[in-house]
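Here are the chains, one letter per residue:
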Amino acid sequence: VTGGAQRPLVALLTDYGPGSEYVGALHLAVAGRCPAAERVDLAHDVPPGDVTWGALLLAWLLPLAPPSATVAVVDPGVGTERRGVALGCAGGRSLVGPDNGLLVPAARALGVEHAVELRSEEHRIHPVPPTFHGLGVFAPAGAHLACGGALADLGPSLDAASLVEPPAPTARAEPGRVETAVVARDRFGNLALAGGAADLAGAGLEPGAPVAVTVAGRRHRARLGRVFADVSAGGLLVHVDSHGLIAIAVNGGSAAGRLGAGPGARVVLDTQQA
Amino acid sequence: VTGGAQRPLVALLTDYGPGSEYVGALHLAVAGRCPAAERVDLAHDVPPGDVTWGALLLAWLLPLAPPSATVAVVDPGVGTERRGVALGCAGGRSLVGPDNGLLVPAARALGVEHAVELRSEEHRIHPVPPTFHGLGVFAPAGAHLACGGALADLGPSLDAASLVEPPAPTARAEPGRVETAVVARDRFGNLALAGGAADLAGAGLEPGAPVAVTVAGRRHRARLGRVFADVSAGGLLVHVDSHGLIAIAVNGGSAAGRLGAGPGARVVLDTQQA
Amino acid sequence: VTGGAQRPLVALLTDYGPGSEYVGALHLAVAGRCPAAERVDLAHDVPPGDVTWGALLLAWLLPLAPPSATVAVVDPGVGTERRGVALGCAGGRSLVGPDNGLLVPAARALGVEHAVELRSEEHRIHPVPPTFHGLGVFAPAGAHLACGGALADLGPSLDAASLVEPPAPTARAEPGRVETAVVARDRFGNLALAGGAADLAGAGLEPGAPVAVTVAGRRHRARLGRVFADVSAGGLLVHVDSHGLIAIAVNGGSAAGRLGAGPGARVVLDTQQA
């Protein structure tokens, strides 16, 4: 049994919205310029302009990807002086998008081998729409790379150390306590928090332990576990989710609804008094 | 004119949400393990945890599918002792997913030829995320089957009679009357009900007949028809929809809005007094 | 570097909703009948029944498409006497859908070479669902064309001049003033208006100029520009968007939220008094 030869692959992540015409336009631009390429939608429901969450998703998804060119666009600064960049990484993976931090965590984790600024007029769709560089600049660059084109064709090299650093939400752990914040909610009402297993360990919070979740001035009883069924139906679970982030869930329900909290809310996890 | 050789095909149905990173992760897992496969999104807007509706959709969609491996994940019990299964069916179609009833109506309609429990550690992505078996277990199994791998590679055979039965919403028909319930609403506000053409026939309700729809204690005048234009603009239509289910629609409007009803609401259809 | 041979391509635009089973059914119908075809989702979030917006999107997207068959379905009149049509256009592009104006602006812009009414029983999926011609009629026709089938196989020729004209939202420009209306909002809260660059020019409104936006009886200060950063954070921008339409945006925010306006709202743009 063989999976067949790898075709060129273009992966797309944006905040354009599922099923939107902006996503459709990217697909057409890629299909027209690299007809051999498979196209994969990584995510398009990133909240508008949420570079932080887009960067976390890319860092989670890219290690799952075969050799590919990823076009990522969460670009509230489109049309300003921010650069467009393409990053060639280890394992035949490249990333294309705005230089606003979006690509950096994923690219660093893979290992950046070559970085360029997108300057080539040849690899653009003209006229470039002033508010839609995804179509005019990033998709054509991704198609070029997917079809085997050289990174150097896209523009001059740049120093990877000069890339804009991403906003980096972090947790602060001390014995018995983690201070953190909600970075995303999904459609199940699960809340993803800044920080991961290391922060829980740093606080000495152990699987199976009771833990208190304080958010918006209210304190809720929860339990640290691995799966939803580690708490009873309707119970509150703190766990490390599939993205590797600390997360709050309700078994069979919505943590966002239960806690009345969403992205940006500050959260304290601490040892729950009996 | 020829359609070309059939490529391997993986179809995906989940409650992960359109455009979500969970769907993107499934696509990457398949693209990495069976690069030759086409990937088709069957539906990703199944309400969270709604196994009943997911099962109805699969039973409707699978007969439309060419030979393929379908990965279906509506899995509120992920991480419990519920089994993961793969079902080989007639016509070169296989289904992979949790053993919670989701796959059963579609698989039985096609004809189950061989069933296995997903136990092979080889055909998983490690570490398997405790709350995301779609990525760790089901997608790799589907990719294996799509690329021509044997069902027996995935785990030990099981007796198809031991599969968990799906929740089966049913209608009760008697002369002049059908008692049923809403099982889904779509974005047009159409309400799909338990039951089909046989139940309407069993009640003696005939196309063209006036019918009363009682929901939430209120009785509404409607007409039994085939197409929206069988009632005047804004009128209430009862028909058999494209899924084969009894459905309520408003010509040019939203039945859900008009009736103030959604999934779970009990509905009585009966002969409308003049 | 070569992009590889062009595969057949089927593009899909509907108001079925992202991730819905209706979209999944179209994909299966195409995959089963033209397995060699690439499938591209152009947009599925067209508001239910909004033929006007669907037609504008098609006219914007089709010039970006390589040779392809586009299946477009925004079809509130499904099941009435409205015709189904297929339009062969210049550049190897064809369009399939209801004869309600949806296809006309895109097709005319490309140049219609041959038009037929969809009558062939052979190129349908039987039984045709009375409320879902996308599946029963349009997708099979698109698959036929994508795989190289002749337009004439689908039914008798018709006179392109007999096609139903689309609803055509227009702007009225006079010196210093444009009267128009909102035709769409996207997930960023950007509002697209009827009319384009010619209307702004006709009114003598120049990039960089202050302009007043009056909507719902309230007058707001804005500036005519090209990119969001042409106004300060939170400022109101009037520009020509990537669709070529006049649009209102807020730099870093939602114009729809700020103005309390959505599709259908009447808007006046005029010279802002200092």
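Counting from 1, residues in each chain are numbered in the order their sequence is written. Chain A is the first chain written and ligand 1 is the first ligand written, with later ones labelled in order. Predicted model: local features are reported for residues with pLDDT of at least 70 only, side-chain atom pairs are reported and counted for 80 or more only, and whole-chain, interface and lining totals are derived from all residues. Hydrogens are left out, water is left out, and the side-chain values use all remaining heavy atoms of the structure.

**Student:** Help me understand the overall build of chain A, please; the structure alone is not making it clear to me.
**Tutor:** Of regular secondary structure, chain A possesses six helices and 14 strands. Each radius of gyration reported is based on C-alpha atoms, and the globular scaling rule is 2.2 Å times the count of residues to the power 0.38. In terms of overall size, chain A behaves like a compact globule, its C-alpha atoms giving a radius of gyration of 21 Å where 274 residues would be expected to give roughly 19 Å. The principal-axis extent of the C-alpha atoms belonging to chain A is close to 65 × 45 × 30 Å. Summary of the burial criterion: residues with accessible area below 20% of their type's maximum are buried, those above 50% are exposed, and those between are partly exposed, where the area comes from a 1.4 Å probe applied to protein chains only. For chain A, the proportion of its 274 residues judged to be buried stands at 61%. For the area figures, the Shrake-Rupley method with a 1.4 Å probe applies, and any residue is considered shielded solely by the protein chains shown. Counting every atom, chain A has about 9,900 Å² of accessible surface; 53% of that belongs to carbon and sulfur. A positive count includes Lys and Arg, and a negative count includes Asp and Glu. His and the chain ends are not counted in either. The location of each charge is read from NZ of Lys, CZ of Arg, CG of Asp or CD of Glu. If you average the places of the 20 positive and of the 24 negative side-chain charges in chain A, the two averages end up 8 Å apart. Note on conventions: DSSP H or I runs of at least 4 residues are helices, E runs of at least 2 residues are strands, and numbering of each starts at the N terminus.

**Student:** Looking at this structure, I do not really get the interface of chain A and chain B. What am I missing?
**Tutor:** The extent of an interface is frequently quoted as the accessible surface area lost upon association of the parts. When checking whether two residues touch, look at their non-hydrogen atoms; a contact exists if any pair is within 4.5 Å. Contacts between the two partners involve 34 residues from chain A and, on the opposite side, 37 residues from chain B. A salt bridge links A:Glu38 to B:Arg7, with the shortest nitrogen-to-oxygen separation between them at 2.9 Å. Pairing of N or O atoms within 3.5 Å defines a polar contact, subject to two protein rules: one partner must be a possible hydrogen donor and the other a possible acceptor, and residues neighboring in sequence count only if both atoms are side-chain atoms. At the boundary of chain A with chain B, the tally comes to eight residue pairs in polar contact (both at pLDDT 80 or more). With six residues, strand β2 (residues 38–43) of chain A is the largest single contributor of residues to the side of chain A that touches chain B. Among the residues forming the side of chain A that touches chain B, the class breakdown is 18 nonpolar, eight polar and eight charged. Salt bridges are identified by distance alone: a Lys or Arg side-chain nitrogen within 4 Å of an Asp or Glu carboxyl oxygen. By the convention adopted, Pro, Cys, Tyr, Trp, Phe, Met, Ile, Leu, Val and Ala count as nonpolar, Lys, Arg, Asp and Glu as charged, and the other residues, Gly among them, as polar.

**Student:** Even after reading the chapter, I still don't get the relation of the copies chain A and chain B, so can you show me in this structure?
**Tutor:** The operation linking the two copies of the chain is a rotation about an axis combined with a translation along the axis. Least-squares superposition of the copies uses the C-alpha atoms of those residues scoring a pLDDT of at least 70 in each of them. Take chain A, turn it by 120°, move it 0.0 Å along the axis, and it overlays chain B with an RMSD of 0.0 Å. Considering both components of the superposition, the chain copies are consistent with a three-fold axis. If distances are taken from each C-alpha of chain A to the rotation axis, the shortest is found for A:Pro18, at 3.4 Å. When the interface residues of chain A are mapped onto chain B, a mere 15% of them again fall at the interface, so the copies present different faces.

**Student:** Please clarify how the interface of chain B and chain C should be interpreted in this entry.
**Tutor:** On the side of chain C, 37 residues touch chain B, which itself brings 34 residues to the contact. Contact between chain B and chain C buries roughly 2,700 Å² in total, counting both sides, with carbon and sulfur atoms accounting for 63%. Applying the counting criterion to the chain B and chain C interface returns two salt bridges. Inspection of the region where chain B meets chain C yields eight residue pairs in polar contact (both at pLDDT 80 or more). Among the elements that line the side of chain B that touches chain C, the one with the most residues is strand β2 (residues 38–43) of chain B, at six residues. Accessible-area loss on putting two parts together, using a 1.4 Å probe and summing over both, is the definition of buried area adopted here.

**Student:** Which parts of the structure should I look at to understand the environment of B:Ser68?
**Tutor:** Residues and elements named next belong to chain B. With respect to the helices and strands, the residue Ser68 is situated in strand β3 (residues 68–73). With a relative accessible area of 7%, Ser68 lands in the buried category. For the pair Ser68 and Ala146, spaced 78 residues apart in sequence, the C-alpha to C-alpha distance is 6.3 Å. Not counting residues within four places of it along the chain, the set of residues in contact with Ser68 comprises Leu9, Gly92, Arg93 and Ser94. A polar contact is formed between the side chain of Ser68 and the backbone oxygen of Pro66, at a distance of 2.8 Å.

**Student:** Looking at this structure, how should I read the state of the cysteines?
**Tutor:** Among covalent bonds in proteins, the disulfide is the one between the sulfur atoms of two cysteines. The disulfide criterion is simple: two cysteine sulfur atoms within 2.5 Å. This structure, assessed with the given rule, holds three disulfides over all chains. Disulfide pairing is shown between B:Cys34 and B:Cys147; the S-S distance is 2.1 Å. Every disulfide takes its handedness from the sign of the S-S torsion; for B:Cys34 and B:Cys147 that torsion is 90°, giving right-handed. Residue B:Cys34 is located in the loop between α1 (21–33) and β2, and its partner B:Cys147 is located in the loop between α4 (133–146) and β7 (172–174); the two are separated by 113 residues in the primary sequence. For the pair B:Cys34 and B:Cys147, one class covers both residues: buried. The thiol of A:Cys89 is not disulfide-bonded; the next cysteine sulfur, from A:Cys34, is found 18 Å away. In this structure A:Cys89 comes out as buried when scored by relative accessible area, which is 4%.

**Student:** Would you explain the confidence of the model for chain A in this entry?
**Tutor:** Any segment with low pLDDT has predicted coordinates that should not be analysed in fine detail. As a per-residue quantity, pLDDT reports the predictor's confidence and falls between 0 and 100. Averaged over all residues, the pLDDT of chain A equals 95, while 97% of them reach at least 70. Confidence metrics for the complex model read pTM 0.96 and ipTM 0.96.

**Student:** What should I look at first to understand the sheet that holds strand β6 (residues 112–117) of chain C in this one?
**Tutor:** Backbone hydrogen bonds hold the strands of a sheet together, and the pairing may be parallel or antiparallel. Residue and element names in this part refer to chain C. When DSSP locates at least two bridges between a pair of strands, those strands are taken to pair. Read across the open sheet, the six strands follow the order β2-β1-β3-β5-β4-β6; overall the sheet is mixed. Looking at strand neighbours, the two that pair on one side only are β2 (38–43) and β6, the edges of this open sheet. The average angle at which neighbouring strand axes cross in this sheet is 20°, direction not considered. Of the strand pairs in this sheet, strand β1 (residues 9–14) and strand β3 (residues 68–73) are connected by five bridges, and their pairing is parallel. Considered in β3, the bridge of Thr14 is made with Val73. For every element, the axis is a line fit to its C-alpha atoms; helices are fit only across the contacting stretch, and the angle between N-to-C directions ranges from 0 to 180 degrees.

**Student:** Looking at this model, I keep getting lost on the side chain of C:His133. Mind explaining?
**Tutor:** Residues and elements named next belong to chain C. When you line up the elements, His133 lands in helix α4 (residues 133–146). In terms of polar contacts, His133 uses its side chain to reach the side chain of Arg82, at 3.3 Å. Those residues within four positions of His133 in sequence are excluded, and the remaining contacts are Asp75, Val78, Gly79, Arg82, Val128 and Phe138.

**Student:** What is the right way to look at the relation of the copies chain B and chain C in this model?
**Tutor:** Of the transformation placing chain B onto chain C, the axial shift is 0.0 Å and the rotation is 120°, giving an RMSD of 0.0 Å. When the interface residues of chain B are mapped onto chain C, a mere 15% of them are again interface residues, pointing to distinct binding faces.

**Student:** Mind showing me how you'd approach α1(B) here?
**Tutor:** Each α-helix turn comprises 3.6 residues. Residues three or four places apart therefore point the same way. With 13 residues, α1(B) extends 18 Å from end C-alpha to end C-alpha; this agrees with the ideal 18 Å at 1.5 Å per step. Taken together, the buried positions of α1(B) are occupied by B:Glu21, B:Tyr22, B:Val23, B:Gly24, B:Ala25, B:Leu26, B:His27, B:Leu28, B:Ala29, B:Val30 and B:Ala31. Contacts from the buried residues of α1(B) go to β1 (9–14), β2 and α2 (51–61) of chain A together with β1 (9–14), β2 and α4 of chain B. Each residue after the first adds 1.5 Å to the expected span of a helix.

**Student:** Which parts of the structure should I look at to understand the pattern of salt bridges?
**Tutor:** Pairing of side chains with opposite charge becomes possible as their charged atoms draw close. Residues and elements named next belong to chain C. Under the definition given, this model contains 36 salt bridges over all chains. With a closest N to O distance of 3.0 Å, Arg83 and Asp99 form a salt bridge. A residue pair is termed long-range when its members are at least 10 positions apart, and Arg83 in the loop between β3 and β4 (84–89) and Asp99 in the loop between β5 (93–98) and α3 (104–110) qualify at 16 residues. Look at Arg83 and you get partly exposed, because its relative accessible area is 22%. Measuring nitrogen to oxygen at the nearest pair gives 3.7 Å for the salt bridge that ties Arg266 to Glu179. Placement of the pair is Arg266 in strand β14 (residues 266–271) and Glu179 in strand β8 (residues 177–185), with a sequence separation of 87 residues. Accessibility expressed as a relative area gives 62% for Arg266, which makes it exposed. Overall, the relative accessible area of 18% leaves Glu179 in the buried class.

**Student:** When you look at α4(B) in this model, what are you seeing that I'm missing?
**Tutor:** All names here are of chain B. With 14 residues, α4 should reach 20 Å at 1.5 Å per residue; the first-to-last C-alpha distance of 18 Å fits that figure. Fitting axes to the seven residues ending at a residue and to the seven starting there, one defines the bend at that residue as the angle between these axes. Of all the bends in α4, the greatest reaches close to 30° and is centred on Ala139; the proline Pro140 follows between one and four positions later. Counting buried residues in α4 gives 14 out of 14 residues, a clear majority hidden from the surface. Looking at the residues trailing α4, positive phi occurs at Gly148, about 95°.

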